[in-house]
Amino acid sequence: MSTQTAEIAVKEPAQRTRSCATELVCHRCDIRYPLSHAVFACPDCGKGLDVVYDYELAARHFREVPADARPRNIWHFEELLPIVDASAQARVGRHSGYTPLIRAERLGAELGLSNLYLKDDSTSRPSLSYKDRVVSMSVARLLERGRGELGCVSTGNVGTAVASLAAKAGVDAYVFYPNRLENTKARACAALGAKVCQVEGNYDEVNKRCRELAEATGIDFANITLRPFYAEGAKTAAFEIVEQLDWRAPDHIVTAAAGGTLSSRLHKGLNELQLLGLAETEGVRIDIAQPSGCNPIASAILAEEAEIHPVKPETAAHSLAIGAPGDGYLVIDAVRKRGGTGGFASDPEIFAGIDLLAATEGLLTEPAGGTTVAVLEKLAASGQIAPDDTVVAIITGNGLKTLDEHPAKPWPEKIGCELDAMRAALQELQGVRSLMASAREQIHD
């Protein structure tokens, strides 16, 4: 982190939000900084910074402003979010968050779970992934600082969220993808007006160079220099889940993990609901899912280790291909404190999870969501999730973005437009269903 970056402060806004954020603090060293300072990592230990709040003040605000007077978007819980400039908040995220919580009866029946719900962030606006939550915070922070350029390093969904939200806010966007990218997402970024660059190297290597680039040029990066603010957006998923369950917290939340932002901040958000007296959340277990080809967090959890051992990603789930997750140690701590666990799935199991979700609930997810479903199936089968537990699985992204990555499923093409030919084709298609069921059983044997 450069001295120049650390010294830049945010001007006092003309009109403030109800944010009760007070300062920034190092996760590990407890070194503190004013909220207005543009510092994003601890100069002593290099770990990330967290946002601190005045919870007594937040509790008063929540009592004073009823739920029906609050916007149904990520700013519904603005007291527990770090943006203090009302004009910046007004320009971003007005249609992000508040995604459906869907009762998944058919998928639940398939997995032996009677109280299964899906938090469907694949419908989030504007970019159809949970990343709209976190990137909204980064863009709002950028606007607070009076800046007009925003970069990001992305395995997929961060890029499309940055491109979408930056365009709406009138900000120039630059998206850096690693060598393994999902082409549809990169093309979407370019269509949205962002400048896209693919860099030779995996995510962890490109992330390191982007941090150096940010320090050398002064350009803010959504998930690097603005990361303390970016990460806070992930909490909104926890807030919404509990509220959508009529303030009764679930027994389990299951989600995919890449860099670890979502799963670690779910823990923080649940703790904050408890602190404000809004819900009893102590019993919620957080279970994380990763692909077998990139599972440093799940492996550490299962081995009962406190630190991450970086790995080289080898998986078709490109959005989860982060081998040295920056917030991995926070995820381990969160899962351990909440009595949860980790699991992983092979690429064939991941794509089978995509197909199972689609066939039972009519939702098309990307490989990250398929990973969640595949690991959820394993946890239910092993008894780590009880049949009558209330379970929320987070579907973090939309499968329409990753159809090119999905194994091909051929269909009859250009058959004759006549009854006999079409009847034969129908009989062929009717046989596909049983073949797919048999293939799925073989994968899990």
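Residues numbered from 1 in each chain as written. Predicted model: local features only at pLDDT ≥ 70, side-chain atom pairs only at ≥ 80, totals over all residues. Heavy atoms only, no water.

Colleague: Can you explain the overall build of the protein chain? Please cite residues and give values.
Modeller: Along the protein chain, the regular secondary structure elements total 16 helices and 13 strands. Over its C-alpha trace the protein chain gives a radius of gyration of 22 Å, about what one expects of a compact globule, namely 22 Å for 445 residues. Based on the C-alpha atoms only, the size of the protein chain along its principal axes is roughly 75 × 45 × 45 Å. In the protein chain, 70% of the contacts between residues at least 6 apart in sequence involve partners at least 24 apart. Measuring between centres, the 46 positive side-chain charges of the protein chain sit 4 Å from its 59 negative side-chain charges. (Helix = DSSP H or I, 4+ residues; strand = E, 2+ residues; numbered from the N terminus. Rg over C-alpha atoms; globule rule 2.2 N^0.38 Å. Contact = heavy atoms within 4.5 Å. Lys, Arg positive; Asp, Glu negative; His and termini not counted. Charge placed at Lys NZ, Arg CZ, Asp CG, Glu CD.)

Colleague: So, the pairing of strand 13 (residues 390-395): which residues are in play, and what are the values?
Modeller: With five of its six residues buried, strand 13 lies for the most part within the structure. Alignment of strand 5 (residues 115-120) against strand 13, held across six bridges, turns out to be parallel. Opposite Tyr 117, over in strand 13, you have Val 392 as the bridge partner. When strand 10 (residues 252-256) meets strand 13, the two strands line up parallel, connected through three bridges. Each bridged residue has a counterpart across the sheet, and for Ile 253 the counterpart in strand 13 is Val 392. (Buried < 20%, exposed > 50% of the residue type's maximum accessible area, 1.4 Å probe, protein only. Pairing = 2+ DSSP bridges.)

Colleague: Break down the sheet that holds strand 1 (residues 21-26) for me, with residues and values.
Modeller: One open sheet holds the three strands; their spatial order is 2-1-3, and the pairing between them is antiparallel. Since the sheet does not close on itself, it has two edges, and those belong to strand 2 (32-34) and strand 3 (49-53), each with one partner. Across the sheet, the mean angle separating the axes of adjacent strands is 35 degrees when strand polarity is ignored. Summarising the sheet, strand 1 and strand 2 pair through three bridges and their orientation is antiparallel. If you follow Val 25 over to strand 2, its bridge partner there is Arg 32. (Axes fitted to C-alpha atoms, helices over the stretch in contact; angles between N-to-C directions.)

Colleague: Hey, could you go over helix 6 (residues 157-169) for me, with residue numbers and the actual values?
Modeller: Every α-helix winds through 3.6 residues per turn, so residues three or four apart in the chain are directed the same way. With 13 residues, helix 6 extends 18 Å from end C-alpha to end C-alpha; this agrees with the ideal 18 Å at 1.5 Å per step. Along helix 6, eleven of the 13 residues are buried, which leaves the element largely enclosed by surrounding structure. Along helix 6, the residues classified as buried are Asn 157, Val 158, Gly 159, Thr 160, Ala 161, Val 162, Ala 163, Ser 164, Leu 165, Ala 166 and Ala 169. Buried positions along helix 6 lie against helix 5 (131-144), strand 6 (149-153), strand 7 (172-177), helix 7 (183-191) and helix 9 (227-232). Immediately downstream of helix 6, the backbone of Gly 170 shows phi near 75 degrees, a positive value. (Expected span 1.5 Å × (residues − 1).)

Colleague: Outline the sheet that holds strand 4 (residues 101-103), listing residues and values.
Modeller: The strand order 4-5-13-10-11-12 describes an open sheet built from six strands, whose pairing is mixed. In this open sheet, the two edge strands, each paired with only one partner strand, are strand 4 and strand 12 (342-345). Along the sheet, successive strands turn relative to each other by an average axial angle of 25 degrees, direction set aside. Here four bridges tie strand 11 (residues 285-291) to strand 12, and the two strands are oriented parallel to one another. Bridged to Gln 290 within strand 12 is Phe 344.

Colleague: Lay out the environment of Ala 249 in plain terms, naming residues and giving numbers.
Modeller: In this structure, Ala 249 sits in the loop between helix 10 (235-244) and strand 10. Once the C-alpha coordinates of Ala 249 and Val 284 are considered, the two residues, 35 residues apart in sequence, prove to be 6.7 Å apart. Setting aside chain neighbours within four positions, we find Ala 249 in contact with Val 242, Glu 280, Thr 281 and Val 284.

Colleague: Quick one: what's the story with the packing of aromatic side chains, residue by residue and with numbers?
Modeller: Taken as a whole, this structure holds four aromatic pairs when the rule is applied. A ring pair is formed by Phe 62 and Phe 77, whose centres lie 6.0 Å apart and whose planes are at 35 degrees; its orientation type is tilted. Linking Phe 62 in helix 2 (residues 55-64) with Phe 77 in the loop between helix 2 and helix 3 (86-90), this pair joins segments that are 15 residues apart in sequence. By the burial criterion, Phe 62 is buried, and Phe 77 matches it. What links up through ring pairs into an aromatic cluster is the set Phe 62, Phe 77 and Phe 239. Looking at Lys 47, its charged tip hangs above the ring of Tyr 329, at a distance of 4.2 Å from the centre. Here the guanidinium or amino end of Arg 70 rests over the ring plane of Phe 62, the centre of that ring lying 4.4 Å away. (Phe/Tyr/Trp six-rings, centres within 6.5 Å; stacked < 30°, edge-to-face > 60°. Lys NZ or Arg CZ within 6 Å of the ring centre and 35° of its normal.)

Colleague: Explain the side chain of Arg 145 to me, using residue names and the numbers behind them.
Modeller: Inspection of the secondary structure assignment puts Arg 145 in the loop between helix 5 and strand 6. One polar contact links Arg 145 to Asp 220, side chain to side chain, over a distance of 2.5 Å. (Polar contact = N/O pair within 3.5 Å; in protein donor to acceptor, adjacent residues only side chain to side chain.)

Colleague: Which residues make up the confidence of the model for the protein chain, and what values do they have?
Modeller: For the protein chain, the average pLDDT comes to 93, and 95% of its residues sit at 70 or higher. Under a pLDDT of 50 for its full length, residues 1-7 has, in the predicted model, eleven contacts with residues more than four places off or in other chains. (pLDDT = per-residue confidence, 0-100.)

Colleague: How would you explain the packing of helix 14 (residues 347-361) against helix 15 (residues 367-381) if you had to name every residue and give the values?
Modeller: Their axes nearest at 7 Å, the elements helix 14 and helix 15 cross at an angle of 90 degrees. Judged by the angle between their axes, helix 14 and helix 15 are roughly perpendicular. Taken together, the residues of helix 15 that come into contact with helix 14 (itself represented by Glu 349, Ile 350, Phe 351, Gly 353, Ile 354, Leu 356 and Leu 357) are Pro 367, Gly 370, Thr 371, Val 373, Ala 374, Glu 377 and Lys 378. Within the contact of helix 14 with helix 15, the residues separate by chemical class into eight nonpolar, three polar and three charged. (Parallel < 35°, antiparallel > 145°, perpendicular 65-115°, else oblique. Nonpolar A, V, L, I, M, F, W, Y, C, P; charged D, E, K, R; others polar.)

Colleague: Hey, could you go over unusual backbone geometry for me, with residue numbers and the actual values?
Modeller: Pro 126 follows Arg 125 through a cis peptide bond whose omega is 10 degrees. Relative to the helices and strands, Pro 126 resides in the loop between strand 5 and helix 5. With a phi angle near 50 degrees, Tyr 98 is a residue other than glycine that sits in the positive phi range. Despite not being glycine, Asp 246 has its phi angle at roughly 60 degrees, a positive value. Assignment of secondary structure puts Asp 246 in the loop between helix 10 and strand 10. For Asp 246, a relative accessible area of 55% corresponds to the exposed category.

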